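# A structural walkthrough
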Amino acid sequence: MGRLDKQLIDLNTELLEAKSARAFANVESLQQQIKAREKQILPIYTQIGTKFAELHDTSSRMAAKGVIKEVVDWGNSQSFFYKRLNRRVAEGTLIKTVRDAAGDQLSYKAALDMIKNWFTSSGINNTWLDDEAFFAWKSNLNNYHDKLQELPMQKVTFQLMQMSDSTLDLQALPRGLDALLHKWNHQSRSSWWKNYKRAEHLILADIFRRIKSLNLMAKQDMSELGFGKEPMLEDSPYGNRI
C-alpha cells in the first residue's frame, strides 16, 4: 500500500521531514493519519490480493493450467484418496512382480509402461486413470498371466546375450549348466530336458525355414540375372552350345 497509494506516499514523505526537523508533535499526528489511511484502504487491497491469488493458486486455475489432473470435492476427498492410495499400492505390488520376473534391466518406469500396455490391450473401455477399472483388471490374473510367464524367458535370453560378449562366460556356461542339472531332482531334469528339446526343435525349424527362404530368394535373383538358362550357340561366335 505504501508504494502505490498517493496519499500514503505523501504522508510518509511528510513523516520523514518531520522526523528530520525533530517536530515530534507532527510526527505523532502523521503516524495516526497513516494508520487511519491504511485501515481505510485495507479492504480494497485485500480484495485485489484475493483476486490475484485466485488467478494463480486456486484449484480451479491449477486444473485449467494442467498443473493438477482434477479438483477433488472436499466431501468425497477421503474416499477418493483412499482409493488412490490403494491404487498406488496395487501398482507398486504388480510392478515389483514384473521386475522380479524380468530382471534388474527393467526400470520402474519401464515396468509401469508395460503394465499400462497390458491394461489398454485388454479391451477395457475404461481409461487407465479409472481406479475401479484397474482393480477389476488386476484382480483377474488371466488378463496378464501369460505375459508374466514370458518375462523370465526374456530375462534369461537377455542374460545369455550378454554372456555371448564374454569368452570367459561362454567357457563357464557348460559347467554352470552341469551344476544346475545336478542340483535338480529327476523330475525337474526331465521337465527341463523336454523344454530344451522343444526349444531346440523350434530353433532348428526356424533356421531351416530361413535357409529355405534364402535359397528361394537366391534362385529368383539368379533367374532374373539370366543364370540357370542354357544359352544357344547362335548367341556365341563359336557356333555351338556353351
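You'll find the structure just up there.
Along each chain, residue indices are assigned from 1 in the same order as the chain's sequence is written. With the structure being a predicted model, the display of local features is reserved for residues of pLDDT at least 70 and the display and counting of side-chain atom pairs for 80 or more, all residues being used for whole-chain, interface and lining totals. With hydrogens and water set aside, each side-chain value is computed from the structure's full complement of heavy atoms.

### A closer look at helix α1 (residues 6-20)
Under the scheme used here, helices are H or I runs from DSSP no shorter than 4 residues and strands are E runs no shorter than 2 residues, and both carry numbers assigned from the N terminus. The span expected for a helix works out to 1.5 Å for each residue beyond the first. The end-to-end C-alpha distance of α1 is 21 Å, a good match for the 21 Å that 15 residues give at a rise of 1.5 Å each. Listed as buried for α1 are Leu8, Leu11, Leu15 and Ala18. Taken around the axis of α1, the buried residues stretch over an arc of 85°, which confines them to a single face. Exposed residues lying more than 90 degrees from the buried face of α1 are Lys6, Leu16, Glu17 and Ser20. Each residue's exposure class comes from its accessible area (1.4 Å probe, protein chains only) as a fraction of the maximum for that residue type: buried when under 20%, exposed when over 50%, partly exposed otherwise. Arc definition: it is the arc formed by the directions from the helix axis to the C-beta atoms.

### Focus: the pattern of salt bridges
Pairing is possible between side chains that carry opposite charge, provided their charged atoms lie close to one another. When a carboxyl oxygen of Asp or Glu lies within 4 Å of a side-chain nitrogen of Lys or Arg, that pair is called a salt bridge. Tallied over the entire structure, the rule returns 9 salt bridges. The closest approach of N and O atoms between Asp113 and Lys109, which form a salt bridge, is 3.1 Å. In this pair, Asp113 and Lys109 are both assigned in helix α5 (residues 108-120), 4 residues apart and thus about one turn of the helix distant. For Lys109, a relative accessible area of 57% corresponds to the exposed category. Connected via shared salt-bridge partners are Arg84, Arg87, Arg88, Glu91 and Asp131.

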